[in-house]
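The chain contents come next:
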Amino acid sequence: MDSGIFHTTYEKDMALRRTPAQKVRLVLLIAFLLVFPFLANRYYLTLANQVAIAVIGAVGLNILTGYTGQISLGQGGFMAVGAYSAGILTARLGMPWWGSTIAACFITALIGTFFGIPSLRLKGLYLAIATLAAQEIIIWVVTHWRALTGGVDALVVPDPVSFGIRINSDFNFYWVAWSIVGIVTIAAVNLFRTPYGRAFIAIRDQDIAASVMGVDLFKYKLLAFAISSFLVGLAGALTAHYRNIVTWERFTIDISVLYLAMIIIGGLGSITGSYLGATFITLLPAVLTNLGRALKSTFPAIDSVLPFIQQATFGLVIILFLIFEPEGLNKIWKNIKDYFRLWPFSY
Amino acid sequence: MQRGFLNQLNSSTLKPGETQLKIDDVQLNFGGVTALLDVSLEVRQSEILAIIGPNGAGKTSLLNCISGLYRPQHGRITYYNGEAHELTRLKPHQIARLGIARSFQNIELFRHMTVLDNLLAGAHIHMKTNLLSCLLYWGPAQREHLQYRRFVEDIIDLLEIEAIRYNTVGSLSYGLQKRVEMGRALAMRPSILLLDEPMAGMNAEEKEDMARFILDITEEHGVTIVLIEHDMGVIMDISDRIAVLNFGQKIAEGTPDEIRQNPLVIEAYLGEETSVFPFKFHPKTETSD
Ligand SMILES: Nc1ncnc2c1ncn2[C@@H]1O[C@H](COP(=O)(O)OP(=O)(O)O)[C@@H](O)[C@H]1O
Ligand SMILES: [Mg+2]
């Protein structure tokens, strides 16, 4: 028996098992992301930055809900914690933007963990209601603790500056945000090929079996809340620095639902799905707005009902999705890949 | 050449025959229902102990008490591995850490994971890398991953599931799922393996394979097995000792030969019938737990 051969096979076996096609796609994606900012105008850059923040938030929520099976309606609240922590630390204490961002991640992780305690006892919809309470409590505190947050008034955050460069111009922020997306992606992929991530999935699939395999349910559920909130807080903190301004309206229950829509439409328990869902949900309103403008110029009469039509279309698209592809965009993406795999000249 | 195991499957330190688990006067009630009544039983290192009895006799409940899923109202369950541990006070994950693994009557695999990941999840208690190195997947995390990847390959060999390594378990046949579930429990390197009807619903050939695996596990690796099974042919063939439960009470215990001749057992299961063997119990058919 030659253990050297074993070693190399298993190593290959456990490298992410990327096919050449996957490698090509990955290279294409990275190339696109590198070239994009030089070709895009400000409007598209803004959208790309919003997508980046949404991807981070969606990966965060997917770790908790898609991978660990703990439904959360507290996303908006946790983003608020991240945004306000970063905003307050920079605006009031003069912390550099990156310092307050890192601190905000840890603060949100702590608060997310606290609100995750009910998950030991509550499952499914009951847990959803408990996290809804977290959402409402956080927003209530944010709007009422005037001395700290400024209450319902907007909290103004100074421009983030590093090496004399203003980080939150659309072009500069693009590089910061998408680099962070890259790091988050790598960490998330690694998480799910090591014992922690496997324990999360085990809890989702069969919590009793997980516990008799030695998984401490309490510890790992709280850890899922912590890691998830860490990323959600990161998304919130980036929003604060990007927009220069933090207002509670940006973090209401609507946001929680929107992020749930992202991961459901994108694909629960999938990193690629988080990307797809975040991109889709972020870009759809923009597409609808542009369509609306085009329509308005042809039919001026619909001006007054346009916002309503846009809202309704948004809802309709989501419902259609759930009806026709309950497994989300990620499934459609898989189908497309399978289709091309059958091609005679596929890679 | 017979391939040697790279890693010991069995984590026990006792000598064969020593008392490993001592169940004392365990009583378990669900509201008005008494599932277990004053059950006492000993499990010895490296034996195959079968628990038999009709449906509803309390067999699964007894395993659930051992693995900490149910808490008996009365009695003690003591586990020995050099020192004594009182299991009725521990949580399921703590009991798992002591080396008690199990499979379930209604397969409880991690459905969306591959066979490989299920097995790796089974080795959870042995993985010690911290979160940060896991997120970075550097040195220690990678080495540990590699080490356990190799370890579960031994189990894959043992259970002859090479062909389905990368399959998602949800897509496998019932018989294969049962096999994978036993593999997952083995990946814990248990000192005691509790198997709840590992052959239920299998055809004769599958049962034969399973019986062979179970014998391999005790004979080659010394893992103690507590087995609930309805197929009396298999039970008589492979077990060292048999305990019989009826309406929550232990009515007999002994070697297969003793059980075969025990009048209480004959009365409880055979009623009017005079021919002792072969006879069959009727396995539960519902799938919900
Ligand atoms: N979780 C539970 N809640 C209520 N009653 C239960 C529960 N688990 C088992 N029982 C009852 O305990 C008795 C023994 O069940 P069980 O241990 O599953 O029997 P067996 O495995 O021998 O078929 C049955 O009467 C069953 O209805
Ligand atoms: Mg049973």
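For the structure itself, look to the data block above.
What you see is a predicted model; the values in this text were computed from it and never measured.

Chemist: Account for the packing of aromatic side chains, with residues named and values stated.
Modeler: Under the counting rule described, the total for this entry stands at 17 aromatic pairs over all chains. Here the aromatic rings of Phe38 of chain A and Phe171 of chain A are separated by 5.5 Å at their centres, their planes lie at 65 degrees, and the arrangement is edge-to-face. Here the residue Phe38 of chain A occupies a position in helix α2 (residues 20-39), and Phe171 of chain A occupies one in helix α8 (residues 170-191), the gap between them amounting to 133 residues. Residue class for Phe171 of chain A comes out partly exposed when judged on its relative accessible area of 32%. Ring plane angle 85 degrees and centroid distance 5.8 Å describe the contact between Tyr148 of chain B and Phe151 of chain B, whose orientation is recorded as edge-to-face. Of this pair, Tyr148 of chain B and Phe151 of chain B both sit in helix α5 (residues 139-158), 3 residues apart, roughly one helical turn. Exposure remark for Tyr148 of chain B: the relative accessible area of 5% places this residue in the buried category. Owing to a relative accessible area of 1%, Phe151 of chain B belongs among the buried residues under this scheme. Connected via pairs of aromatic rings, a cluster forms that spans Phe32, Phe36, Phe38, Phe171, Tyr174, Trp175 and Trp178 of chain A.

Chemist: Please set out the sheet that holds strand β8 (residues 224-228) of chain B residue by residue, giving values where relevant.
Modeler: All names here are of chain B. Strand order in the open sheet formed by 6 strands is β6-β7-β8-β3-β9-β10, with mixed pairing between adjacent strands. This sheet does not close on itself; its edge strands, each paired only once, are β6 (100-102) and β10 (249-254). For this sheet, the mean angle separating the axes of adjacent strands, direction not counted, is 20 degrees. Two elements, strand β3 (residues 48-52) and β8, share 4 bridges in a ladder whose sense is parallel. Paired with Leu49 across the bridge in β8 is Val226. With respect to the sheet, helix α7 (residues 204-221) is in contact with β3, β7 (192-196) and β8, its orientation differing from that of β8 by roughly 155 degrees.

Each value, and the rule that gives it
- Residues numbered from 1 in each chain as written.
- Chains lettered and ligands numbered in written order.
- Predicted model: local features only at pLDDT ≥ 70, side-chain atom pairs only at ≥ 80, totals over all residues.
- Heavy atoms only, no water.
- Phe/Tyr/Trp six-rings, centres within 6.5 Å; stacked < 30°, edge-to-face > 60°.
- Helix = DSSP H or I, 4+ residues; strand = E, 2+ residues; numbered from the N terminus.
- Buried < 20%, exposed > 50% of the residue type's maximum accessible area, 1.4 Å probe, protein only.
- Pairing = 2+ DSSP bridges.
- Axes fitted to C-alpha atoms, helices over the stretch in contact; angles between N-to-C directions.
- Contact = heavy atoms within 4.5 Å.

Bear in mind that shape data such as this cannot, by itself, settle questions of function.
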